[in-house]
Each structure stands twice: as structure tokens, then as C-alpha cells.
Amino acid sequence: MILHIILYLFVSFLSSFKGDIEPDLSPAIEEICLTSEEKKLHDIINAYRKTKKLKPVPISSSLTQVAKLHAIDLMENYKKSDKCNPHSWSDKGNWTSCCYTNDHKQAACMWDKPKEIAGYESPGYEIVYWHSAAATADGALKGWQQSKSHNPVVINDGMWNQVEWNAIGVAIYEQYAVVWFGEMADGKGAAKLCK
């Protein structure tokens, strides 16, 4: 009996790892929830959009799952370089790794992550914020508002003016804030507030 319990615990322990003893960072959709700071980020993005006479974007479980995984991956594995920007993904998780270069030749790496990770059947578009101390909702939005490439994504301006966002995922993890936008409504529903 004791041997069976030990064997069960050992198998359970091993099943929590993939490949070469790499942890599976992929939480199930049912486990996806927003911290109060993440909910604040979603709320202030929609409040900012309202000042531009734009409709609010519903929070998405699928895109929040992708955002959370990427925020963790960035914090734990991303090394700043001239070659790979923060839209890159490491080889340390259950996803396809890639180096997203500033010439956007690897853009499909970003666009395809929501489908690869969460089964979200539409391209995803990501904005990333980093702060040396800690990322906050207010700091992230302010940073994106001041960015000529990120602000248009948030408020559907410039090359994004014909796009309608119908889903958004948000994550804040230590020094990173990550937001994903999608054109398709998320059939898996909204991420809830963490208890």
C-alpha cells in the first residue's frame, strides 16, 4: 500500500513536467483569473478608449491565458538584445519558440500564439511594457500612450483604424505588463477576478 502511494506521488510529480524537466506553465482556461491590478489595467484601457469614443473591449479568458504565459516567460527567460524584441518566446515552455525581429519577419510567431496556446481561432496582437522596478497598470498605460507604435493599437488609430477589437487579454507579472488584442469574440468567455 505504501509503495502504491509513493509510486502515485512520484508519477504525479513527473507528470507536472514536460520534455527535459521543463515545467508546464500552461494553466487551464478554468484557472485563468485577473488580479486586482490586471483588472485595473483592463478598466483603464477601456476608459481611455471611451475618451476616443470607442467601445470597450471584453476581457478574454483565452487571450488572458496567453498574456499571463508570455509575461512569465518574458520575466523568467527573456534577455534584452538587439536581435530579438519582447514579442519573442523562449524554448522553455509548451509552445513554439521564436525570435521576433524588429523587421517583423517573424510576426506570425506573435499572431499565431493565441491559437497555439489557447485555441483562439484568430490572430492576436500584443503590446508589452517593462519597468525596472515593477510594472503597474497606470505605468503601462502611460507608457503605451506615449509610444507611437503602441498607442494606435490601443485606440484603433492609423493602420489599426479599420480593425475592431472584440477580445482583450491582460497580464502583469513583476516587471512586465502584457496585453493581447483580437478581432474575434472569445467563445470561452471572460476571465474572472481572482478570489
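Residues numbered from 1 in each chain as written. Predicted model: local features only at pLDDT ≥ 70, side-chain atom pairs only at ≥ 80, totals over all residues. Heavy atoms only, no water.

Caption draft 1: Examining the layout of surface pockets more closely. Taken as a whole, the largest pocket holds about 490 Å³ of empty space. Among the elements that take part in the lining of the largest pocket, strand 4 (residues 124-130) stands out by supplying four residues, more than any other. Its residues placed into classes, the lining of the largest pocket shows 12 nonpolar, six polar and two charged. (1 Å grid on protein atoms, 1.4 Å probe; cavity = no way out; pocket = protein on both sides within 12 Å on 5 of 7 lines; lining within 4 Å. Points joined across faces, edges and corners; volume = space filled by probe spheres on them. Helix = DSSP H or I, 4+ residues; strand = E, 2+ residues; numbered from the N terminus. Nonpolar A, V, L, I, M, F, W, Y, C, P; charged D, E, K, R; others polar.)

Caption draft 2: The arrangement of the pattern of salt bridges in detail. Scanning all chains against the criterion turns up seven salt bridges. Across the salt bridge formed by K68 and E38, the nearest N and O atoms sit 2.8 Å from each other. Here K68 is found in helix 3 (residues 61-77), whereas its partner E38 is found in helix 2 (residues 36-51), with 30 residues between them in sequence. For the pair shown, K68 and E38 are each scored as buried. (Salt bridge = Lys/Arg side-chain N within 4 Å of Asp/Glu carboxyl O. Buried < 20%, exposed > 50% of the residue type's maximum accessible area, 1.4 Å probe, protein only.)

Caption draft 3: The arrangement of the sheet that holds strand 5 (residues 167-173) in detail. Across the sheet, which stays open at both edges, the three strands sit in the order 4-6-5 with antiparallel pairing between neighbours. Pairing within the sheet leaves two strands with one partner each, and these edge strands are strand 4 and strand 5. The mean inter-strand angle of the sheet, taken between neighbouring strand axes irrespective of direction, is 15°. Of the pairings in the sheet, the one linking strand 5 to strand 6 (residues 176-182) comprises seven bridges and is antiparallel in character. (Pairing = 2+ DSSP bridges. Axes fitted to C-alpha atoms, helices over the stretch in contact; angles between N-to-C directions.)

Caption draft 4: Fine view of the pairing of strand 5. Here strand 5 lies mainly inside the structure; six of its seven residues are buried. In sequence, strand 5 turns back onto strand 6 through a hairpin of two residues, with E174 there showing a positive phi of about 55°.

Caption draft 5: Seen up close, the nonpolar core. Grouped together as the largest cluster of nonpolar side chains are 29 residues, with contacts concentrated most on L41, W144 and V179. Of all the secondary structure elements, the ones that give two or more residues to this core are helix 2, strand 4, helix 6 (137-145), helix 7 (151-154), strand 5 and strand 6. Excluding anything up to four places from it in sequence, L41 contacts A137, A140, W144, V170, I172, A177 and V179. Listed in part, the 23 residues of the second largest apolar core include L63, W89, C109 and V128. (Core = buried A, V, L, I, M, F, W, Y, C linked by side-chain atoms within 4.5 Å. Contact = heavy atoms within 4.5 Å.)

Caption draft 6: Structural context of the confidence of the model for the protein. With 85% of its residues at a pLDDT of 70 or more, the protein shows a mean pLDDT of 87. Counted against residues more than four places away or in other chains, residues 1-24, with its pLDDT under 50, gives 11 contacts. (pLDDT = per-residue confidence, 0-100.)

Caption draft 7: Representation of the packing of aromatic side chains in the model. Taken as a whole, this structure holds six aromatic pairs when the rule is applied. Centroid distance Y125 to W160: 5.2 Å. Interplanar angle 70°. Geometry classified as edge-to-face. Separated by 35 residues along the polypeptide, Y125 in strand 4 and W160 in the loop between helix 7 and strand 5 bring together distant segments of the chain. For the pair Y125 and W160, one class covers both residues: buried. With 5.6 Å between their ring centres and 40° between their planes, W160 and W165 make a pair best called tilted. For the residue pair W160 and W165, the accessibility class agrees, reading buried in each case. An aromatic cluster is present here, built from Y125, W160, W165 and F181 joined pairwise through their rings. K80 extends its terminal NZ or CZ atom over the ring of W130, reaching a point 3.3 Å from the ring centre. (Phe/Tyr/Trp six-rings, centres within 6.5 Å; stacked < 30°, edge-to-face > 60°. Lys NZ or Arg CZ within 6 Å of the ring centre and 35° of its normal.)

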